Protein chains: 2
Amino acid sequence: MRLGIYGYGNLGRGVESAVLQNPDTELAGVFTRRSPEKVKTLTGVPVYHASEIGQFTDRIDVLILCGGSATDLPGMTPALAERFCVVDSFDTHANIPAHFARVDEAAKRGGKLALISAGWDPGMFSLNRLYASAILPEGKDYTFWGRGVSQGHSDAIRRIEGVRDARQYTVPVEAALEAVRSGANPELSVRQKHTRECYVVAEEGADLARIEREIKTMPNYFADYDTTVTFISEEEMRENHSKLNHGGFVIRTGVTGLGKQNRHVIEYSLKLDSNPEFTSGALVAFARAIDKMYRRGETGCRTVFDVAPADLSPLSGEELRAHLL
Amino acid sequence: MRLGIYGYGNLGRGVESAVLQNPDTELAGVFTRRSPEKVKTLTGVPVYHASEIGQFTDRIDVLILCGGSATDLPGMTPALAERFCVVDSFDTHANIPAHFARVDEAAKRGGKLALISAGWDPGMFSLNRLYASAILPEGKDYTFWGRGVSQGHSDAIRRIEGVRDARQYTVPVEAALEAVRSGANPELSVRQKHTRECYVVAEEGADLARIEREIKTMPNYFADYDTTVTFISEEEMRENHSKLNHGGFVIRTGVTGLGKQNRHVIEYSLKLDSNPEFTSGALVAFARAIDKMYRRGETGCRTVFDVAPADLSPLSGEELRAHLL
């Protein structure tokens, strides 16, 4: 399977190294909107300007779109889905239906197959919500994120005057997790589920009290949470806060039996040293599925919900039944 | 969707009560090899003799086979798959390929669709092994079972002379679980992963030391494990050991990155008050998927690996994308 990488940041580099771990895949090239000569790939894969992508329609089976959800993917995925089979990790939950409709239209027009929103949430967490609710229809879902770096919240802090750098960790509240696991079906407020830990490098002479106040009262991002702010040095930021780790928990509790007397807890959790590399692993697996489904004649847009798990694996049906079932 | 229940033990009763929790399903009847007049259903569903099943080909969309894997399903599933769309929970891992081949042949001959081995292991645990290995190809899988009742091990103890009743719990070793979660990729022996707790009601005057010795030295079942034997009264057995609870853990640890420097842990766990009722929930969800797939023209045998998750849900694609993705 010949893959292309479109966009070369953390996610693009993650896909590049994931290809080395998947012997049935190879890379046709990396495509960037920057000057190709200024981009050096990890493994020496050739770099092309994004405008050259049109020459690769016969040399790429699936193009993996590694742009951001805020400004890149809403235009990028529909634009490319007409000429390539594509996979993206679009993760703005509220806009998924609109994104799906645009990509579906483009892919059908071009007779191609696309998959949006691969990764872990949306992605593996979504799949676990779906499986669990199908098996335990009478129950309640809980999703917790963290402990991990939120890029959006880190960026929000960086926009405050006097802040040179910032890293924000989303942290699930252990007591809330335990209450959920107990099957007590608690109603949890935003504040009860997660806390927010902020590490901030301030400009010299900046008013630290004001920065802390501005963070803690910021609407949507921090005001509804118990937030702690710790000022650190640039060195400490580099040494202790450079990893893009993340993770979280999807838990469903439900009841069965004629008297609803039996309780069940389904829990799925991830502890990831590298959020973008795990997402890249998912992108490559779903690219494999899209390639197989396209060869069977499917076109249009799909999500992780529409993919039979066997299509994600390089193993045959016989091998899967003999060794993994 | 009109379901039939074939075989009416713990699993059949579980399906019967699961139907009440799934408003898009209804029951056409329960089929038993016993005398129908001697079987009383939980919800008043009519009971028929198994020999009458042939009259129901037009009145049942999916027949759920609730027999045991040791002696019932190997004959039952292929025999019925020619005339009905069927779902079973065949769980003898080593014999799955042969069972699959026989069911596939029968279903194709009759133009019907079948799914075998739904439940949690095989079933949800298998799915988690597959998803995790597709996303983290460089890693290692661990499956732990328990704490829960093993019917096979309980039966083995009951066959010992002087034993009136017995219940065996399989218990995962907490230290082994922790070692796996740490990402240390330990090589674990059978003894290091699970212990076995046996609760035994002995006949009056039986030689307890001999019974304990016979249990602990029983090959395959107990000899390779740290096994504890506790003699209890009949009342204690009834009061404290009547639940069919079970559960377990599927954990995959893997590495990513050019230097394989980033570790990831994927963990899926179940805590089930009722093993048969959870399995029944899975059977009904996969029956729904088989019904949809059959209406799209599919025939032959499938496993959980071949089912797109969206087909398990009563919700539409639009609803799933808007609310669960």
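This report concerns the structure included in the present document. Worth saying up front: this structure is predicted, and the values here are computed from it rather than measured. (Residues numbered from 1 in each chain as written. Chains lettered and ligands numbered in written order. Predicted model: local features only at pLDDT ≥ 70, side-chain atom pairs only at ≥ 80, totals over all residues. Heavy atoms only, no water.)

Before going further, it helps to examine the sheet that holds strand S11 (residues 226–231) of chain B. All names here are of chain B. Here we have four strands laid out as an open sheet, ordered S8-S9-S10-S11, and mixed in their pairing. The sheet is open, and its two edges are formed by strand S8 (148–149) and S11, each paired on a single side. When strand S10 (residues 194–202) meets S11, the two strands line up parallel, connected through six bridges. Bridge assignment links Thr195 to a residue of S11, and that residue is Asp226. (Pairing = 2+ DSSP bridges. Helix = DSSP H or I, 4+ residues; strand = E, 2+ residues; numbered from the N terminus.)

All right, on to the pairing of strand S13 (residues 262–272) of chain B then. Of all eleven residues that make up S13(B), nine are buried, and the element is covered over most of its length. Bridging between strand S13 (residues 262–272) of chain A and S13(B) involves nine bridges; their strand directions are antiparallel. By the bridge assignment, A:Lys271 is partnered in S13(B) with B:Val265. Examined bridge by bridge, strand S12 (residues 246–256) of chain B and S13(B) share eleven bridges and lie antiparallel to one another. Residue pairing in the sheet places B:Phe249 in a bridge with B:Ser269 of S13(B). (Buried < 20%, exposed > 50% of the residue type's maximum accessible area, 1.4 Å probe, protein only.)

A word on the sheet that holds strand S5 (residues 86–87) of chain A. Residue and element names in this part refer to chain A. Strand order in the open sheet made by the seven strands is S3-S2-S1-S4-S5-S6-S14, with parallel pairing throughout. Strands with a single pairing partner mark the edges of an open sheet, and in this sheet they are strand S3 (47–49) and strand S14 (300–302). Looking at chain direction, strand S6 (residues 113–115) and S14 are connected through three bridges and run parallel. Considered in S14, the bridge of Leu115 is made with Arg302. Seen against the sheet, helix H3 (residues 96–110) touches S6 and S14 and runs at an angle of roughly 140° to S14. (Contact = heavy atoms within 4.5 Å. Axes fitted to C-alpha atoms, helices over the stretch in contact; angles between N-to-C directions.)

Bringing the packing of aromatic side chains into the picture now. A ring pair, where both rings are aromatic, is described by two values, the distance of the centres and the angle of the planes. Residues and elements named next belong to chain A. Taken as a whole, this structure holds 15 aromatic pairs over all chains when the rule is applied. Here a set of aromatic residues connected by ring pairs shows up, and it is made of Phe31, Tyr48 and Phe56. Taking the ring centre of Tyr8 as reference, the NZ or CZ of Arg13 above it sits at 5.7 Å. (Phe/Tyr/Trp six-rings, centres within 6.5 Å; stacked < 30°, edge-to-face > 60°. Lys NZ or Arg CZ within 6 Å of the ring centre and 35° of its normal.)

A word on the side chain of A:Arg196. Residue and element names in this part refer to chain A. Tracing the sequence through the fold places Arg196 in strand S10 (residues 194–202). One buried charged residue, Arg196, remains without a salt bridge, the closest side chain of opposite sign being Asp224 at 8.8 Å. For Arg196, the side chain forms a polar contact with the side chain of His153, separated by 3.4 Å. One polar contact links Arg196 to Gln168, side chain to side chain, over a distance of 3.0 Å. Arg196 has contacts with His153, Gln168, Tyr169, Thr170, Tyr221, Phe222, Tyr225, Asp226, Thr227 and Thr228, leaving out every residue within four places of it along the chain. (Lys, Arg positive; Asp, Glu negative; His and termini not counted. Salt bridge = Lys/Arg side-chain N within 4 Å of Asp/Glu carboxyl O. Polar contact = N/O pair within 3.5 Å; in protein donor to acceptor, adjacent residues only side chain to side chain.)

Relative to chain A, chain B is turned by 180° and slid 0.0 Å along the rotation axis, the superposed coordinates differing by an RMSD of 0.1 Å. The operation mapping one copy onto its partner corresponds to a two-fold rotation axis. The fraction of interface residues of chain B whose copies in chain A are also interface residues reaches 100%, indicating that both copies meet through the same surface. (Least-squares fit on C-alpha atoms with pLDDT ≥ 70 in both.)

Turning to unusual backbone geometry, a few remarks are in order. Residues and elements named next belong to chain A. Looking along the chain, the bond that leaves Asp121 and enters Pro122 is cis, with omega of 5°. Position of Pro122 among the secondary structure elements: in the loop between S6 and helix H4 (124–135). Along the chain, Gly146 connects to Arg147 via a cis peptide bond; the corresponding omega equals 0°. For Arg147, the location among the structural elements is in the loop between strand S7 (139–145) and strand S8 (148–149). We note that Asn220 has phi near 65°; this positive angle belongs to a residue other than glycine. Its location among the elements puts Asn220 in the loop between helix H8 (208–216) and strand S11 (226–231). Using a relative accessible area of 67% as the deciding quantity, one classes Asn220 as exposed.

The next thing to look at is the packing of helix H1 (residues 10–20) of chain B against helix H10 (residues 275–295) of chain B. Residue and element names in this part refer to chain B. The contact between H1 and H10 brings their axes to 8 Å, and the two run at 60°. Here H1 lies oblique to H10, going by the angle between them. Judged by the sense of rotation from one axis to the other, the crossing of H1 with H10 is right-handed. Contacts between H1 and H10 pair Asn10, Leu11, Gly14, Val15 and Ala18 from the former with Pro276, Glu277, Thr279, Ser280, Leu283 and Val284 from the latter. Considering only residue class, the contact of H1 with H10 consists of six nonpolar, four polar and one charged. (Parallel < 35°, antiparallel > 145°, perpendicular 65-115°, else oblique. Left-handed = near helix turned anticlockwise from the far one by under 90°. Nonpolar A, V, L, I, M, F, W, Y, C, P; charged D, E, K, R; others polar.)

The nonpolar side chains of a soluble globular protein tend to be buried with one another. Core analysis: the largest hydrophobic core is formed by 156 residues, its most contacted members being A:Leu63 and B:Leu63. Contact partners of B:Leu63, with chain neighbours within four places excluded, come to B:Gly4, B:Ile5, B:Tyr6, B:Phe31, B:Ile53, B:Leu80, B:Phe84, B:Cys85, B:Val86 and B:Val87. (Core = buried A, V, L, I, M, F, W, Y, C linked by side-chain atoms within 4.5 Å.)

We now examine a nonpolar patch on the surface. Nonpolar side chains collect at one region of the surface, where A:Leu20, A:Leu42 and B:Leu258 lie side by side and expose about 280 Å² of accessible area between them. Within the element layout of this structure, A:Leu42 appears in the loop between strand S2 (26–32) and S3. (Patch = residues over 30% accessible without salt bridge, like charges linked within 9 Å, V, L, I, M, F, W, Y side chains within 5 Å. Areas by Shrake-Rupley, 256 points an atom, 1.4 Å probe, with all protein chains shown as cover.)

We now examine the interface of chain B and chain A. Counting residues at the interface gives 66 residues for chain B, matched by 66 residues for chain A. Here chain B and chain A share an interface that buries about 5,900 Å² over both sides, 64% of which is from carbon and sulfur atoms. It is B:Gln21, B:Tyr131 and B:Leu325 that lose the most area in chain B upon contact with chain A, and together they represent 14% of the buried surface on that side. For the side of chain B that touches chain A, the element with the highest residue contribution is S13(B), accounting for eleven residues. Along the lines of polarity and charge, the residues of the side of chain B that touches chain A split into 35 nonpolar, 19 polar and twelve charged. (Buried area = accessible area lost by both parts, 1.4 Å probe.)

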